[in-house]
Every structure is written in C-alpha cells, then in structure tokens.
Amino acid sequence: MQQPEKQINAPAGMPLPERRRRRRSSGICATSGVRVQPQEEQQQVATRGTVLTDSDQFYFNWYAHIDVHEEMIKDRVRTDAYKNAIMRHKDFIRDKVVLDVGCGTGILAIFCAQAGARRVYAVEASNIALQTIRVVEANNLLNIITVLHGRVEDVEIGEKVDVIISEWMGYMLLCESMLGSVITARDRWLKPGGLVLPSKATLYMAPFTHAKRYRESIDFWRSVYGINMSAMVPLAKQCAFVGPSVETITSENVLAWPQVVKCVNCSSVTIPELESITTRFKFNSLVKAPLHGFAFWFDVEFTRLSPEPISFQLSTSLVDDHPVGSQRQDLRDPTLLLSTAPEALPTHWQQTLIYFYEPIELEQDQLIEGKVTLSQSQENHRNLNIELVYATGGQSYVKVSVM
Ligand SMILES: C[S@@+](CC[C@H](N)C(=O)[O-])C[C@H]1O[C@@H](n2cnc3c(N)ncnc32)[C@H](O)[C@@H]1O
C-alpha cells in the first residue's frame, strides 16, 4: 500500500533554502527582515546585460553579508582543508594562473598567491567583493590577485587558467546550485590538463534514528505542566519535519552502512547531469531501532583526476546503488579529503536530515529500499526538490520536501 507522507511544495518564490538561515547562520531570509548592509543598496553585479532572477538577486545579496563569510572562515575544518589542499598542490600552482570562482573575502585566492601562483583571478558577484579588493590591497597582493566583481558567467578574464578553485558546496552538496557556475567557468577558461579543486564530490545517505529529537519536538506536547496538549502533536510534526533539517548527528544515530547517492568528477561533470539525479537504495538495519528518516552528507576530495568519467575505484567503486560497506577499502588520502560525515569533525554544513512524520519500528537486518530523486527546483534553481520513495516491512511511503 502506498502511504504517502504529506506532500509539501516550497512556497512559490521562496528565496533560499532554510540552509542559509542555519548553515551560514545569522543570515535572514528576505521575507523575514534582512539586516541590510550599506553596500547592499548598491548591489551591482556585472551581468553583461543578463537580468538577474529574483532568486539570484537574493542569493548574491545574501553573500554580501559579513556574517556568512565569518561563519565559513571560522569553520576550521573547511578552511584548513582548502588551505592544506592548496599547499599540497603547490608544485602545480607555482607560477600558474588560478581562477577562484566565488572568492568571497578572497581567502582562497590569497592562499593560492601564497602557494606561488603567478596570477589569481578572484571572481565574486556579491558586494563583499568591494571589501575583498581592500583585503588584497592590504596584503600587498594587487600585483597577483585581480578581483573581478561580477558573475563568473559574465566577467572577462582574457586568458586561460591552469587551476580553478571554488568552495561551492551547499547543504546536501547540491543545494545552491553553485557547481553549475564552476562548470561554466571550467568549460570556458580551464586549459586542457588543468586542475579543478575540489576534484571530486560524493553525496551519501543512510537511515537514521533520533529518539531524543523526536521526544523533544513531538512527545514534549503530550503533557505540558500536566496538561494534555496532544492536540498540538500534528502541528508540531508538520512544523518540525516538513522540510530538511540541518543538524549534527553521530555515527550512533546511523542505522545502516551509508550509500552513495551521487559521485561527481569536477573535471567532467556537466550541468544537465545535475538537473535531476535518481538513485536506488537498499539498506539493512544494523540494529533494532525506530527509524526517523534519512540523513545526507558529503565529502570532497582535492586530488588530481583524469577528466574521464569516474572509473570505479577506491571509495567510488560504488555504483549508485551499491552500499558503502564495512569491507570498503578507503584508499583516499585523508589529508586531501573534506568530509561532513557524522563520524568526521563537525563542520558548519553538519548533516541534512529528512525526518518522517511517523517513526518506523525496525528490526535488526530489516530491509529498507527505495529511491531518491534530487532535482533543481523550477521556481528557484538554488533550491533542491527531494523525493524519497521507500518501502520497509511491507509498507510503502513517499516523502517530498524542498531544501
Ligand atoms: C560558499 S561562498 C565561498 C566564499 C570563499 N571562496 C570562501 O571560501 O570563503 C561562495 C561565494 O561564491 C559567490 N558566488 C556564487 N556564485 C557565483 C557566481 N556565479 N559568480 C561569482 N560569484 C559567485 C557567492 O556570492 C559567495 O560569496
């Protein structure tokens, strides 16, 4: 029996995923009182005549806020991973031309200059670029770093580059759809044999249990100061679990070996490939526990890859519907890996959890199978539609949400 969980569509024109209010935390959704920086009023994105959509306008205004950059830079796991990767590729970067797609405050561009790059084009569409120029100047790097204030799709660079670097990863990896801009830049500016950092990205999923969260958000209403407030429970479920939730879990919350949803070779992936991704999954619960939903996380690697589609080796020997088993031999260099997995050091991305409205009691070894589809929202291409169709214990379910 198909038992649909309540299907929810994003409010039309919803400007940005919840993510931005949480992940890069102090930002506020446009509809709920944006803290305006003086420069925001002067938002002028070089668009070569392209009219920015409302969602892009909102997106770039968002990145004009200092808070979001502060949060990213203070995420040491993230920033150190990039710095380390740049320094590890010093021999390749030295005397070369680098393009930093979405440079923000310029931190990665400056790391590349420190690694010996001959020239760095630091492209930033938001008005934070006005500060970035001053940062570059204050570090006496104007002779190496050229800050271009505009969308990477619209700016002119005037030469091919040897390296493209970008921190483009959103929640659930693909939220924000910034990878498309990196692909556009790669296809336009990267020399054959050039390096893209990160080189590879992998999105994972696994079923999870989180009784504590369920108790605190839902069971709490059953008895409040001795008053029966169970009437609040349906609304509490609706509010708490309607959309994906960005939270930190540990490996103890994870009920089965994770599975790869999508593996992306950044040297060869195409934009159409990212528009809609469907992956089948099969999990066997390792323990008897209530299943509260599915967790998603990602990692990125900073290794040199061939531009061929990923040959299945190392951890990516996992075609989409093969689980990442305990037997996996992870030969990846951990020092060139930025992981947001529950067992890794926490990052500002945390993990993305899609809760069910009702938990499902699982027995040990119980099979959970189904498919997940991630597709770019038609209303706002920065958003991700997530459709989960799954079955376990003889029942089938559907959960649709938007991030
Ligand atoms: C996740 S932040 C990373 C900032 C910086 N590279 C860092 O690591 O701290 C992404 C940045 O890319 C910018 N951005 C996104 N899409 C862009 C595009 N198409 N062209 C230029 N900048 C873009 C955003 O405005 C934002 O500042």
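Right above here is the structure, for reference.
A brief look at the structure comes next. Predicted model only: the values in this text are computed from it and were never measured.

Before going further, it helps to spend a moment on the overall build of the protein. Scanning the protein from N- to C-terminus turns up eleven helices and 16 strands. Scored against the burial criterion, the 403 residues of the protein give a buried share of 45%. Put simply, of all contacts in the protein between residues at least 6 apart along the chain, 78% involve residues at least 24 apart.

Looking now at the pairing of strand E16 (residues 395-402). Sheet topology note: the strand E15 (residues 384-392)/E16 ladder contains eight bridges and is antiparallel. Looking across to E16, one finds that Leu 388 is bridged to Lys 399. Counting the residues in the hairpin turn of E15 and E16 gives two residues, including Gly 393, whose phi is positive at 55°.

A few words now on unusual backbone geometry. Backbone phi values are negative for most residues with the exception of glycine, while trans is the configuration of most peptide bonds. In this model, Leu 197 is joined to Pro 198 through a cis peptide bond whose omega is 0°. Relative to the elements of secondary structure, Pro 198 occurs in the loop between strand E6 (190-197) and strand E7 (200-208). Of note, Gln 350 is a non-glycine position whose phi angle comes to about 50°, a positive value. With respect to the secondary-structure elements, Gln 350 resides in the loop between strand E12 (337-339) and strand E13 (351-362). Classification of Gln 350 by C-beta neighbours within 10 Å gives partly exposed; the count is 19.

Quick look at the sheet that holds E6 now. Strand pairing in a sheet relies on backbone hydrogen bonds. The paired strands run either parallel or antiparallel. Strands sit in the order E4-E3-E2-E5-E6 across an open sheet of five strands; the sheet is parallel. This sheet does not close on itself; its edge strands, each paired only once, are strand E4 (145-149) and E6. Within the sheet, the average angular offset between the axes of one strand and its neighbour, ignoring direction, is 20°. Running at roughly 170° to E4, helix H7 (residues 129-138) makes contact with strand E3 (119-124) and E4 of the sheet.

The subject of this paragraph is the environment of Gln 366. With respect to the helices, strands and loops of the structure, Gln 366 is situated in the loop between E13 and strand E14 (367-376). Residue classification places Gln 366 among the buried residues on the basis of 20 C-beta atoms within 10 Å. Distance from Gln 366 to Asn 284, taken between C-alpha atoms, is 5.4 Å for residues 82 residues apart in sequence.

As a structural note, the neighbourhood of the ligand is formed by 22 residues, with Tyr 63, Gly 102, Gly 104, Ala 125 and Ser 181 the closest of them. Here the shell around the ligand gets three residues from one element, more than from any other, and that element is helix H3 (residues 66-74). Taken together, the residues of the shell around the ligand sort by class into twelve nonpolar, six polar and four charged.

Before going further, it helps to examine the packing of helix H4 (residues 76-88) against helix H6 (residues 107-114). Each pair of packed helices can be summarised by the angle the axes make with each other and by the distance between the axes. Running from amino to carboxyl end, H4 crosses H6 at an angle of 25°, the nearest separation of the two axes being 9 Å. The angle between the axes of H4 and H6 places the two elements in the roughly parallel class. The two elements H4 and H6 meet at a crossing, and its hand is right-handed. Two secondary-structure elements touch here, H4 through Thr 79, Tyr 82, Lys 83 and Ile 86 and H6 through Ile 107, Leu 108, Phe 111 and Cys 112.

Attention now goes to helix H8 (residues 179-189). With eight of eleven residues buried, H8 is to be regarded as a mostly interior element. Residues of H8 that are buried sit in contact with strand E2 (97-101), strand E5 (161-166), E6 and helix H11 (271-275).

One finds Val 98, Cys 112, Val 120, Ile 164 and Ala 295 to be the most contacted residues of the largest nonpolar core, which totals 107 residues. A total of eight residues in this core trace back to one element, the largest contributor, which is strand E11 (residues 289-301).

This brings us to H6. Counting buried positions along H6 gives seven out of eight residues, so the element sits mostly inside the fold. Among the residues of H6, those classed as buried are Ile 107, Leu 108, Ala 109, Ile 110, Phe 111, Cys 112 and Ala 113.

Calculation notes
- Residues numbered from 1 in each chain as written.
- Predicted model: local features only at pLDDT ≥ 70, side-chain atom pairs only at ≥ 80, totals over all residues.
- Helix = DSSP H or I, 4+ residues; strand = E, 2+ residues; numbered from the N terminus.
- Buried ≥ 20, exposed ≤ 12 C-beta atoms within 10 Å, placed from the backbone.
- Contact = placed C-beta atoms within 7 Å.
- Pairing = 2+ DSSP bridges.
- Axes fitted to C-alpha atoms, helices over the stretch in contact; angles between N-to-C directions.
- Near = placed C-beta within 6 Å.
- Nonpolar A, V, L, I, M, F, W, Y, C, P; charged D, E, K, R; others polar.
- Parallel < 35°, antiparallel > 145°, perpendicular 65-115°, else oblique.
- Left-handed = near helix turned anticlockwise from the far one by under 90°.
- Core = buried A, V, L, I, M, F, W, Y, C linked by C-beta atoms within 7 Å.

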